[in-house]
Every structure is written in C-alpha cells, then in structure tokens.
Protein chains: 2
Amino acid sequence: MLFENVLIVDPVDGEFTGSVECENGLITNVKKRSCTWKYILMPGFADTHTHGLKGIDAMSALPADFERWADFALEDGVTYLFPTTVSSDFKMLEKVIKNFSKANCPSLAGLHLEGPFINKEKAGAQNPEYICGFNHNLPDLVKDYVKIITAAPEISGFRELVKFAKKYNIKISIGHSNATFSEMKLAFEMGIDRITHFPNALRGIHHRELGGTGAGLFFDFKVEMICDGIHTSPDFVKFVYKIKGAENIILVTDSIVATGLNNGKYNLGGLEVTVKDGMAKLKTGTLAGSVLRFLDGVRNFYKYTKCSLKELSKVSSYNALVNLGIKNAGRIKEGFLARFVLLNENLEIVDTVL
Amino acid sequence: MLFENVLIVDPVDGEFTGSVECENGLITNVKKRSCTWKYILMPGFADTHTHGLKGIDAMSALPADFERWADFALEDGVTYLFPTTVSSDFKMLEKVIKNFSKANCPSLAGLHLEGPFINKEKAGAQNPEYICGFNHNLPDLVKDYVKIITAAPEISGFRELVKFAKKYNIKISIGHSNATFSEMKLAFEMGIDRITHFPNALRGIHHRELGGTGAGLFFDFKVEMICDGIHTSPDFVKFVYKIKGAENIILVTDSIVATGLNNGKYNLGGLEVTVKDGMAKLKTGTLAGSVLRFLDGVRNFYKYTKCSLKELSKVSSYNALVNLGIKNAGRIKEGFLARFVLLNENLEIVDTVL
C-alpha cells in the first residue's frame, strides 16, 4: 500500500510531507519529500477507555459484538480499542473476558477493567454493590487479556494488586479515588504513572490538601482526559495542557452503549442512565460515562488547546501505546505497525487503515 | 561601606563571590572574585502586605509607630515596607494615610490598601460592614502614599478603579474575590497582573470552573504567598513554584499586630482575633492574617521548594519591587539602592543595611 503526497504526522519526528509505503501490515518506507499535500496521515487512534458504542456494551457483548464494535470504532479512526468493564461481580467479569477472548479483530488490543478495586466515596457511576478491595480475587483469564486496571491506591490490598499487575504486565491507572496528595505521591513512587479520566472522580484541589487532582498536575502522571466539553470545561483542558504538556495527556472517550444512538434510557452496570443533550447521567445527576466519539474528542482537544498536529498524534495514540508498553505502534516510521487515519484539512476522516 | 568576601546573590546575575562597595546609599562597585565567603549578601527584603508587628497596627499607628515598625522590620531583613490597611470607612483610611505621611524612614515605601473594594462573599477577616464598590470615594492623599490596592474585579466600579489606579501609578492586586476564570481573564487582559495572598480568599479550582485560583495558575499573574505553612500547605507552595516559577511569586507576611507578641486576643479592623499555635483566627475559625515574620517566610519557601538563592532573592524582594515599578531597587548592581541583608549559611540575619 502506498500513500503519496500526504502530510505525515509523527509524534516524534513531527510534521512533514512525503509518502509512506507499507507491506504485510508494517511500514516499510517513509519518504520525506517537498510536495502539495491533500490529506493528513496520522497514526491510528487508541481509545483505552470505552464502555460501549452503538448499542454494544462491554458487559454484555458476545464475541461478534466486540468485532462489530471494533469495526464501528474504525469510523472514528480508532485502531487500538480497549473495551472497558465497570465494577461487577467476578463471575460476570470472567464472562466478559471469555467473550472478548473469542473475538477476532486486530484492533481489539486488550481489556480495561475500571474497578471494582476503587473507592465507594468516589464511585461516580460505578455500582457500589460490587466495589471491593483486592484479594487475588480476579479470574485467571485477566492475565492474558487485561491491559489496564483502574484502581484506587487507598483500597485494601493495593500493594498486592500492584505486584500482581507488574507480574502480568498490566497497567494500573488510578481512578475513582479519594486519595490525598501524600497517598498519590506514594503511589507515584511505587511506579504508578497513569490516572483514569482526570480529574473526574478524584479528590479536588485545596490549598491545604492538593488531593488527587493536585497530584495529577504535580507529578508526571499520564492522564486520561474525556474531551467532550462536559466532563471538564475547555478551559480546564487548556490548563492541563499548559501545565503538563501534550506528553502527559491520553485522550479517551469513556463512551457508553448509547454512543451513536438516540437519547433515552440505558443500562450501565445495572444502573439506569439517561442520555440527553450529549450527556449521560444517573438519576442523581452524576455523569455516567460519555456519548463522545473519539474523533470529536480529538477535534475538541485541537480546538481548545490550539496544539500542533504532532502533539495531537501524541494525545490521540502515541502516549497511550507507549505508556502500555505496546511495541512498534503509534508512529509513522519504518518497522512500525501500518495503522493510520487519513484525514482532510478539517480533520474529517477520509479513511482508516488497519 | 565595603562588603568583602561575600556570596553575592543577585536576582538577575545569580550567585557569585566577591565584594560590594557603596556610597551615599547607592551601590558603586560590585567586584566578582574567587574567594571563601563567610556571609551571604542579598537584596533587602520587601514586605508588600503586612498589617502590623509587635503591638503596632496600621489602622491605629501614629507617625512614630510607623517608624518603630520600620525599625522592627529591619530585624527580619525588610528594607521595603508596605503597611497594609483593612476595609474601613474612608475617614479612618484618611487618618491612617495622614499618619503614615508624617512618618520618616526610608524603608516605608508606601501603603497597601486591602479593601474596601472587595467581595463580601470572600471577606475572610475583613469587616463586611465597610466593604463597598468604587465610586471615586477614596481620600485625595491616596494618590501620594498608596502603592497597592487589593480589589475584586467583580465589584461595581472596578473599571473606574483601574483607570484611577493607572493614573496615579497604583498597582491593583486582585484579592478577596469570587471572580470566575472568565472574570479573571478579563482583568488580566485589562493589565491587572497581581494577586493578593494567593490562593486565600479566592474562588477555588473546579474542573468545570477554574475560578480565581485556576486563573492565578494559568495566567502570568504575580502572586503574593504567605509561606507560614498554615495559609497553604508546603505542598501547595511547591506546586505553585513548579507551575509558575520563582519569577511569579512574591513573599508577604500578612502579619497582624500580634506578630512577635504572646498568644491572646487582638483587634483586627474591629473584629476580635485570637492568636494561638502560630495561627490568628476569627471566632468563626477563619484565618485572620498571620503572625509570620518575613525571614521565616523566606526560610520556609527555601525549605519547601529547594529553590536557588537567586530565586530566593526574586521572591523575597526583586519581583515585588519590579512589579511595583520601583526603580533601582532589589538588585546588587552598580547604581542600585544599597539595601541589603547579610545572612549566614543558615539564613540567619547577621545585619540589615538600609
């Protein structure tokens, strides 16, 4: 496959015009050449936090549903998809992992377990009934298919969880946590370097207790952000971008089953969610995931921050993949996986290549 | 006067050993020379926000009291002193300015009016009875003796106040304000570049409304900080230092009449204040200024942030003076005012030179 006269956007080498050649799913040749470009070629996006899309819900998806989901996500440029569970009993989680394990699509990169090892005080839209401490109670299949576990550092068994996760190369991402600044510092020193949907469901900043939000800004955590203009204000996105830089931001959707469907009532881990005006909420008014499409998040970030395309390729793909230790992915460079989004100058998708 | 074999700390040229010569109150010669230093020579400190010291209160001080205050402050290395009023009726303010105008000491650099043009919702320890909008209601003497006015951008007449302040070269410092991020942005765009005792008595950070605290971090405001470990946590000081840099921090004491005296009950602008355990509080528990000595604030900042001495000279003197447009001050350089603190390696004051 050959892409000629494109604006190539690489998260490390930056933006340049030229052509890209691929063979057998790998990039074989990147040629820098002065030319008039029509399309932008970026690394395929990675959504590391998404509960569902167009009627498909990670908690109830059959193998074929996961595959359809992966196909739908391509429309948004997502070539690395991490279906995400919510807090649930372990039998149910095992069923989800089993179904996922039987799905067959290269963009299904792994599962993300959001909970149940989180803090009830910051449950958000997680069902408190299933929230618990870690006690080696995860099904065995986790080791092979789970790449991320969102957990709160203050829960019982956290140290054990970290050991477990390190052993099986699973990334711990701090989320739904009421941890203080000191607790966050301790976690960072233990090697935890990722935060889930920052700063939602974290302890806020106070000038006598910086909390998880302050720690997220202070330490070099990589932070997920839901750029729907609802979970945080556009100003807050700019603020995080200014303080932490594009290097430390990972765009996610946190999208739920209702995404891409009509307004109405939906189910999220046994809780009723109402979707209206682009917002998904519990009866209590608490935000319950989003109905954000990945591409819209990317465009919003670009609009809010006025970042470069190079930076945009970091927050939309490279940072997430490097942070998860996924090799040869997220760049436009010889030897890397040939997964791309082809966009026009208005950041509309022309094609996604997997 | 000659200082030989000292470690010279200049906020611009940095740290170097050598000698400094002065004549008629001006620095005439700064010689860089390799030597073993015994003492550190830094620019004299500037305290731009202090309500009182050792039984003297700006609101009731007679001319001789202001002079004694200036003398006391030298013990802490303060060679630029800005006695600070609290919200009060205009007759009372006029009396204070008159008394100040008759005091005679070179370190009495000007007055700081904290209020009354502030927001009642963020009154803190300011007497709400006197809080009001600006309506050209200041006594005439203000033009000659006041260098700083703390005001809230959301009060009525703020634009007029800014015009008035510009005309008479008075610095507006945002404080006791409930302004939103947008209101702060607007003020910053109007040329307001200073914030009073950040982030105390400002709207806190929320991820859907960054507030005055968020704006203080986001925009290049110079921010006063009370480094007593009480008004903010040491972590918060480090946080501000990391985000804004030493360039944008101005150490102040916000000290009240009880500073340097015993625990007990005191008066602050007509409100009863109890001093205990290093804290000054209203009956409601609200912090009411500090009992911080300037030198302790300097040492705390140094300890909390592990900054360089060069940076320490910025936060303790240079930034405040440059921000106020005071010429030839705050540096150790030929032609600048010969005001110094001589410190030993433990940052204990050996001498203050005015």
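Look above for the structure.
Below or above, wherever it landed, is the structure these notes cover.

Reading guide: rules and limits
- Residues numbered from 1 in each chain as written.
- Chains lettered and ligands numbered in written order.
- Predicted model: local features only at pLDDT ≥ 70, side-chain atom pairs only at ≥ 80, totals over all residues.
- Heavy atoms only, no water.
- Pairing = 2+ DSSP bridges.
- Helix = DSSP H or I, 4+ residues; strand = E, 2+ residues; numbered from the N terminus.
- Axes fitted to C-alpha atoms, helices over the stretch in contact; angles between N-to-C directions.
- Buried < 20%, exposed > 50% of the residue type's maximum accessible area, 1.4 Å probe, protein only.
- Contact = heavy atoms within 4.5 Å.
- Phe/Tyr/Trp six-rings, centres within 6.5 Å; stacked < 30°, edge-to-face > 60°.
- Least-squares fit on C-alpha atoms with pLDDT ≥ 70 in both.
- Buried area = accessible area lost by both parts, 1.4 Å probe.
- Salt bridge = Lys/Arg side-chain N within 4 Å of Asp/Glu carboxyl O.
- Polar contact = N/O pair within 3.5 Å; in protein donor to acceptor, adjacent residues only side chain to side chain.
- Nonpolar A, V, L, I, M, F, W, Y, C, P; charged D, E, K, R; others polar.

Points about the sheet that holds strand β17 (residues 279–281) of chain A
Across a sheet, strands are paired by hydrogen bonds formed along the backbone, either parallel or antiparallel in direction.
Residues and elements named next belong to chain A.
Piece 1. Spatially, β15-β16-β17-β18 is the arrangement adopted by the four strands of the open sheet, whose pairing is antiparallel. Edge positions in the sheet fall to β15 (264–268) and β18 (287–290), since each of these pairs with one other strand and no more. Recorded for the sheet is a direction-independent mean angle of 35° between the axes of neighbouring strands.
Piece 2. Sheet topology note: the strand β16 (residues 271–276)/β17 ladder contains three bridges and is antiparallel. Paired with K276 across the strands is M279, a residue of β17.

A closer look at the environment of G110 of chain B
Residues and elements named next belong to chain B.
Piece 1. With respect to the secondary-structure elements, G110 resides in the loop between α2 (90–102) and β9 (111–114).
Piece 2. A relative accessible area of 3% places G110 in the buried class.
Piece 3. Not counting chain neighbours up to four residues away, the residues in contact with G110 comprise L81, F82, P83, F100, Y145 and K147.

Structural notes on the packing of aromatic side chains
Piece 1. Tallied over the entire structure, the rule returns 38 aromatic pairs over all chains.
Piece 2. Arranged with centres 6.4 Å apart and planes meeting at 85°, the rings of F219 of chain B and F221 of chain B form a pair that is edge-to-face. When sorted by exposure, F219 of chain B lands in the same class as F221 of chain B, which is buried.
Piece 3. Members of the aromatic cluster, connected to one another through ring pairs, are F181, F188, F218, F219 and F221 of chain A together with F198, F236 and F239 of chain B.

Thoughts on the relation of the copies chain A and chain B
Piece 1. When chain A is fitted onto chain B, the two copies agree to an RMSD of 0.0 Å after a turn of 180° and an axial shift of 0.0 Å. Taken together, the turn and the small shift mark the pair as related by a two-fold rotation axis.
Piece 2. When you check the interface residues of chain A against chain B, 96% turn up at the interface there too, and the contact is symmetric in its surfaces.

Concerning the interface of chain A and chain B
Piece 1. Contacts between chain A and chain B engage 23 residues on the former and 22 residues on the latter.
Piece 2. Between chain A and chain B, a total of about 2,000 Å² is buried, with carbon and sulfur atoms accounting for 68% of that surface.
Piece 3. Our count for the chain A to chain B interface comes out at zero salt bridges.
Piece 4. Our enumeration of links across chain A and chain B arrives at 10 residue pairs in polar contact (both at pLDDT 80 or more).
Piece 5. Here the element with the most residues in the side of chain A that touches chain B is helix α7 (residues 234–244) of chain A; it accounts for six residues.
Piece 6. For the side of chain A that touches chain B, a count of residues per class yields 11 nonpolar, seven polar and five charged.

This is a description of form; function is not addressed.
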